[in-house]
Amino acid sequence: MPHPTGHSYVYNYTITGQRGTLWWHAHISWLRSTVYGPIVILPKLGVPYPFAKPYKEVPIIFGEWFNADTEAIIKQALQTGGGPNVSEAYTINGLPGPLYNCSAKDTFKLKVKPGKTYMLRMINAALNDELFFSIANHTLTVVEVDAIYVKPFETEILLITPGQTTNVLLKTKPQFPNATFFMTARPYVTGLGTFDNSTVAGILEYEASPKTIHSSLSIKKFPPYKPALPPLNDTAYATNFTNKLRSLASAEFPANVPQKVDRQFFFTVGLGTNPCPKNKTCQGPNGTMFAASVNNDTSILGAESHPLHLHGFNFFVVGQGFGNFDPNKDPAKFNLVDPVERNTAGVPSGGWVAIRFLADNPGVWFMHCHLEVHTSWGLKMAWVVLDGKLPNQKLLPPPADLPKC
Ligand SMILES: [Cu+2]
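Residues numbered from 1 in each chain as written. Predicted model: local features only at pLDDT ≥ 70, side-chain atom pairs only at ≥ 80, totals over all residues.

In terms of regular secondary structure, the protein chain is built from four helices and 22 strands. Over its C-alpha atoms the protein chain spans a radius of gyration of 22 Å, differing by no more than 12% from the 22 Å that the globule rule assigns to 405 residues. The C-alpha extent of the protein chain, read off along each of the three principal axes, is 70 × 55 × 50 Å. Classification of the 405 residues of the protein chain by burial places 35% in the buried group. Sequence separation of at least 24 residues holds for 74% of the intrachain contacts in the protein chain that already meet a minimum separation of 6. (Helix = DSSP H or I, 4+ residues; strand = E, 2+ residues; numbered from the N terminus. Rg over C-alpha atoms; globule rule 2.2 N^0.38 Å. Buried ≥ 20, exposed ≤ 12 C-beta atoms within 10 Å, placed from the backbone. Contact = placed C-beta atoms within 7 Å.)

Here it is as structure tokens:
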């Protein structure tokens, strides 16, 4: 909720049936470029993780850094109809790292001990960019996305869209290695416009024990190992990664996939243009203004991946594919057993995604593309979820201390 400049407000809420990594962020205009942070919900006392307890847990938050006021950037873009200026850098926990000019001193360092398992709670808080991420010479085990456990799988590289969170286990090498390792992220891009194609790097550094202190001094002479990331437009990699995500769906952590559907909805999402107003010049494609929309197929520019985020609910991604959705053929292939459950899912470039959720949370809920520039251009809508008949199915009244505008 909005609160006035210079005031503070304490949010009071009860967490029921949720645990894992989520995040908070501002939701007016582009303020979330700097106003964001992690929410870590621990399991209830005495309830273990469905994997061995990690030695340490570390939040890894990707951000996007602009050498300008982001409010001015989006305001200008909406006035001219052109694409907004892109960021100068990506950041890991606020730090851009050594691959940017004069930034080596602002590098995130993950200091680890050999032979331990670390859990990285990764969050993509970047404004406009899906990111590939990898740590050189290390394998990551994905165990959770958007605060829901998944069937663990190993990967060298992961894809995380704005809005999403991913918990991974990082097993460090059994012995002190004579090296340091870069962890890097750079975008996955399917759109036509300009984008920030730079790479953020942090360093995975093994702490030296007294026995290894000598070699730890000598490794400073060698450059860190660098991970290999996919090409910026590697849709095949992105698809392959996304297809590996399955709900854990165990007895203890079941996947309550709705088996029958009461209401079906069909939405189209896309990026297009609006005509330039008379007596004005516009900087969008061919003198138009960029626009994005839900359920408006006119002036579609080109296919692009859109990480759609739904407020108020988790949903199950029961199917996805490329090309047009076929209501006669595709539902037969839906996964109603262990589909991934999350709150932000990429609609594949030029493709479709089918989601199911139980509408058990009354209210007006925003659904939007988590690429902030697409939201600004109009790729947004709201669900109205009505009260149910039972007392616990009613919208709660606003808090007594709701800030006044
Ligand atoms: Cu989008």
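The six strands are arranged 4-3-6-11-8-9 in an open sheet whose pairing can be described as mixed. Unpaired on one side and paired on the other, strand 4 (89–92) and strand 9 (148–155) mark the two borders of the sheet. In this sheet, neighbouring strand axes are inclined to one another by 25° on average, regardless of whether the strands run parallel or antiparallel. Taken together, the seven bridges between strand 3 (residues 56–65) and strand 6 (residues 117–124) define a ladder with parallel strand orientation. Counted as the bridge partner of Ile61 is Ile123 from strand 6. (Pairing = 2+ DSSP bridges. Axes fitted to C-alpha atoms, helices over the stretch in contact; angles between N-to-C directions.)

Core analysis: the biggest nonpolar cluster contains 80 residues, and Phe62, Leu131, Val150, Leu158 and Val168 have the highest contact counts within it. In terms of residue count, strand 12 (residues 181–188) provides more of this core than any other element does, five residues in total. Each of two domains, domain 1 (20–243) and domain 2 (269–393), supplies a minimum of three residues to this core. Leaving out residues up to four positions away in the same chain, Val150 has contacts with Val142, Val143, Glu144, Val145, Leu245, Arg246, Ser247, Leu248 and Val340. (Core = buried A, V, L, I, M, F, W, Y, C linked by C-beta atoms within 7 Å. Domains from an automatic or database assignment.)

Residues given the UniProt feature "domain: Plastocyanin-like" (unreviewed entry) here are residues 4–44, 57–208 and 266–387. Along residues 4–44 the backbone is 0% helical and 29% strand, and the end-to-end C-alpha distance reaches 35 Å. (UniProt positions renumbered as here; feature names shortened; annotations may be inferred.)

This part is about unusual backbone geometry. We note that Asn93 has phi near 50°; this positive angle belongs to a residue other than glycine. By the secondary structure assignment, Asn93 is in the loop between strand 4 and strand 5 (109–112). A positive phi is found at Ala249, a non-glycine position, where the angle reads about 50°. Mapped onto the elements, Ala249 comes out in the loop between helix 3 (235–243) and strand 14 (269–274). The partly exposed category is assigned to Ala249, around which 18 C-beta atoms lie within 10 Å.

Bringing the sheet that holds strand 16 (residues 306–310) into the picture now. Strands sit in the order 19-16-21-22 across an open sheet of four strands; the sheet is antiparallel. In this open sheet, the two edge strands, each paired with only one partner strand, are strand 19 (344–347) and strand 22 (380–385). Across this sheet, the average inter-strand angle for adjacent strands is 25°, counted without regard to direction. Sheet topology places strand 16 next to strand 19; four bridges connect them, and they run antiparallel. Note that in strand 19 the partner of Pro307 across the bridge is Gly346.

The next thing to look at is the pairing of strand 6. A regular strand places its side chains so that they alternate between the two faces of the sheet. Counting buried positions along strand 6 yields six of eight residues, so the element is predominantly enclosed. With seven bridges connecting them, strand 6 and strand 11 (residues 165–171) associate as antiparallel partners. Within strand 11, the position partnered with Thr117 by the bridge is Lys171.

According to the domain assignment, the protein chain contains domain 1 (20–243) and domain 2 (269–393). If you average the C-alpha positions of domain 1 and of domain 2, the two centres end up 25 Å apart. Contacts between domain 1 and domain 2 engage 25 residues on the former and 28 residues on the latter. Among the elements of the structure, helix 1 (70–80), strand 9 and helix 3 are those that each provide at least two residues to the side of domain 1 that touches domain 2. Classifying every residue of the side of domain 1 that touches domain 2 gives ten nonpolar, 13 polar and two charged. (Nonpolar A, V, L, I, M, F, W, Y, C, P; charged D, E, K, R; others polar.)

Topologically, Asn178 is positioned in the loop between strand 11 and strand 12. Taking C-alpha positions, Asn178 is 9.1 Å from Phe222, a pair spaced 44 residues apart along the chain.

Moving on to helix 1. Structural remark: α-helix, 3.6 residues per turn; residues separated by three or four positions point the same way. If you check which residues of helix 1 are buried, you get Thr70, Ile74 and Ala77. An end-on view of helix 1 places all buried positions within 60° of arc, on one side of the element. Downstream of helix 1 by one or two residues, Gly81 has phi in the positive range, about 85°. (Arc of directions from axis to C-beta.)

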